[in-house]
Amino acid sequence: LRKRVAILGSTGSIGRATLDVLRRLEGFEVRALSAHHNLDRLAAQVAEHRPTAVAVTSEGAPQDFASVTLHHGPAALVELVERDDVDVVVHAVVGAAGVPAALACVRAGKTLLLANKESLVVAGELLMSEANRCGAVVLPIDSEHSALHQAMRAGRRHEIDRLILTASGGPFRTWTAEQIAAARIEDALRHPTWSMGGKITIDSATMFNKALEIIEAVRLYDWPANRVDVVIHPQSVVHSFVRFVDGSLVAQASPPDMRLPIQYALTYPDRVPASAPAVDFAKPHQWTFEPPDAARFPALSIGYAVAAAGGTAGATMNAANEVAVEAFLAGVIRFDRIASVVQQTLDALPPVATPTEQQLYAADEAARERARSFVKG
Ligand code: NDP
Ligand code: MG
């Protein structure tokens, strides 16, 4: 039986890599695609992959996609995942805008392959409990969490001591605090090892990406924040480690290419021949590791505090970060203000425990409003 796949955010970096994987993978059919602004690219994808439906999430009159069913408007992504002809959802939308579709997917009992880490950060406790209640499988696409998933298969849960996330350190790994504070937009957009969408590239420069990933790991694996570590690994080949109680470290390594974790999630529990090249030991390699610097990258301690706090804290942090990143990219705030806007917003809005879905959206809204006022002030 062929699995029928929907790709939310198919026009983005992960969405395109997913279509590339699906071009050579057997046993899958592309049934649904979604775009926000890039309708030309969506039209080209429709012509090549022949889905039965597409969603366009931006406002304005979308173009006609001939015989393909068009979902449009605020509920378009939810409608797409709820379609009877979709079994598996690759969620590659950026930002908290992806939360309702992630929840709808697990509530429909469908398999959720999650690149959209923001939905675990904003609504992770609810998302995972709804997935359990409805018997839905959630698998990570994020390379570190895919690495953890793979390494965890080397032992049993009670034998795990720590989850150790690797981080490239981003473009400012060796910069002084003063240099980082005054970093230009083009400096922040120049990632040393990965080619990704704009928002996650800025998150890598501030290390809010790793803060999001600490929370992602804590929610996805129901794991205490104080047993998650971060280690800087500039080559981005070791994608994370699991340390077992006997001190043994199990790592997953592959060149930085998202097609491997995407394929792993699609074919799990099977492994099939690769869509991407493997590490080649015919050449010399140097893999280096160093501790992160919490003073130059305040996002890390914010991530730990938010992961431990739970409730609406993740929604607040994420929304403030989205606003601050947008303001930085618009040239309105300095680079080092991103972390301080997030911290100020968290200080102003204490978390609510065990929030409902509506309370999570309200926390997101309130944090955006607060963060905008700090951006202006
Ligand atoms: P991109 O910016 O390249 O793509 C984002 C996608 O989401 C595009 O299809 C875009 O549509 C769509 N989109 C943007 N805004 C909205 C919205 N408000 N509502 C619905 N759809 C929207 O991002 P990436 O592919 O880099 O990242 C996607 C997700 O995957 C993020 O959560 C990121 O953190 C995560 N991730 C990415 C990795 C990477 O290597 N890129 C690695 C690990 C995780 P359009 O282009 O048509 O406007
Ligand atoms: Mg990652």
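Above this text you will find the structure in question.
Since we're looking at a predicted model, the values are computed, not measured.

Undergrad: Is there a simple way to think about the sheet that holds strand 6 (residues 111-114) in this case?
TA: In any sheet, the strands associate via hydrogen bonds between backbone groups, in a parallel or an antiparallel arrangement. Sheet architecture is open: seven strands sit in the order 4-3-2-1-5-6-7, paired in parallel fashion. Unpaired on one side and paired on the other, strand 4 (69-72) and strand 7 (138-140) mark the two borders of the sheet. Sheet twist, expressed as the average angle between the axes of neighbouring strands with direction ignored, equals 20°. Note that strand 5 (residues 88-91) and strand 6 share four bridges and pair parallel. Residue pairing for strand 6: Val-88 is matched across the bridge by Thr-111. Helix 11 (residues 259-267) rests against strand 1 (3-8), strand 2 (28-35), strand 5, strand 6 and strand 7 of the sheet, and its axis sits at about 160° to strand 7.

Undergrad: Which parts of the structure should I look at to understand the coordination of the magnesium ion (ligand 2)?
TA: Ideal geometry at a metal centre gives angles of 109.5 degrees when four donors are arranged tetrahedrally and 90 or 180 degrees when six donors are arranged octahedrally. Taken together, the protein ligands of the magnesium ion (ligand 2) are Asp-142 (OD), Glu-144 (OE) and Glu-213 (OE), with distances of 2.0 to 2.2 Å. Overall, the relative accessible area of 1% leaves Glu-213 in the buried class.

Undergrad: In this structure, what is going on with unusual backbone geometry? I would like to understand it.
TA: A negative phi holds for most residues other than glycine; trans holds for most peptide bonds. The amide bond that connects Tyr-268 to the next residue, Pro-269, takes the cis arrangement and shows omega of 10°. By the secondary structure assignment, Pro-269 is in the loop between helix 11 and helix 12 (299-309). Although it is not a glycine, Met-207 sits at a positive phi angle of roughly 70°. Mapped onto the fold, Met-207 is located in the loop between helix 9 (198-206) and helix 10 (208-220). Owing to a relative accessible area of 3%, Met-207 belongs among the buried residues under this scheme.

Undergrad: How should I be thinking about the sheet that holds strand 9 (residues 228-232) in this particular structure?
TA: Read from one edge of the open sheet, four strands run 9-8-10-11, paired in mixed fashion. Across the chains shown, the open sheet's two edge strands, defined by having one partner strand only, are strand 9 and strand 11 (249-253). This sheet shows a mean twist of 20° between the axes of neighbouring strands, independent of strand direction. With five bridges joining them, strand 8 (residues 160-167) and strand 10 (residues 238-244) adopt antiparallel strand pairing. Its bridge partner lying in strand 10, Leu-165 is registered against Ser-240. Across the sheet, helix 10 lies against strand 8 and strand 9, angled at about 155° from strand 8, the strand it touches most.

Conventions adopted
- Residues numbered from 1 in each chain as written.
- Chains lettered and ligands numbered in written order.
- Predicted model: local features only at pLDDT ≥ 70, side-chain atom pairs only at ≥ 80, totals over all residues.
- Heavy atoms only, no water.
- Pairing = 2+ DSSP bridges.
- Helix = DSSP H or I, 4+ residues; strand = E, 2+ residues; numbered from the N terminus.
- Axes fitted to C-alpha atoms, helices over the stretch in contact; angles between N-to-C directions.
- Contact = heavy atoms within 4.5 Å.
- Donors = N, O, S within 2.8 Å, 3.2 Å for Na, K, Ca; no water.
- Buried < 20%, exposed > 50% of the residue type's maximum accessible area, 1.4 Å probe, protein only.

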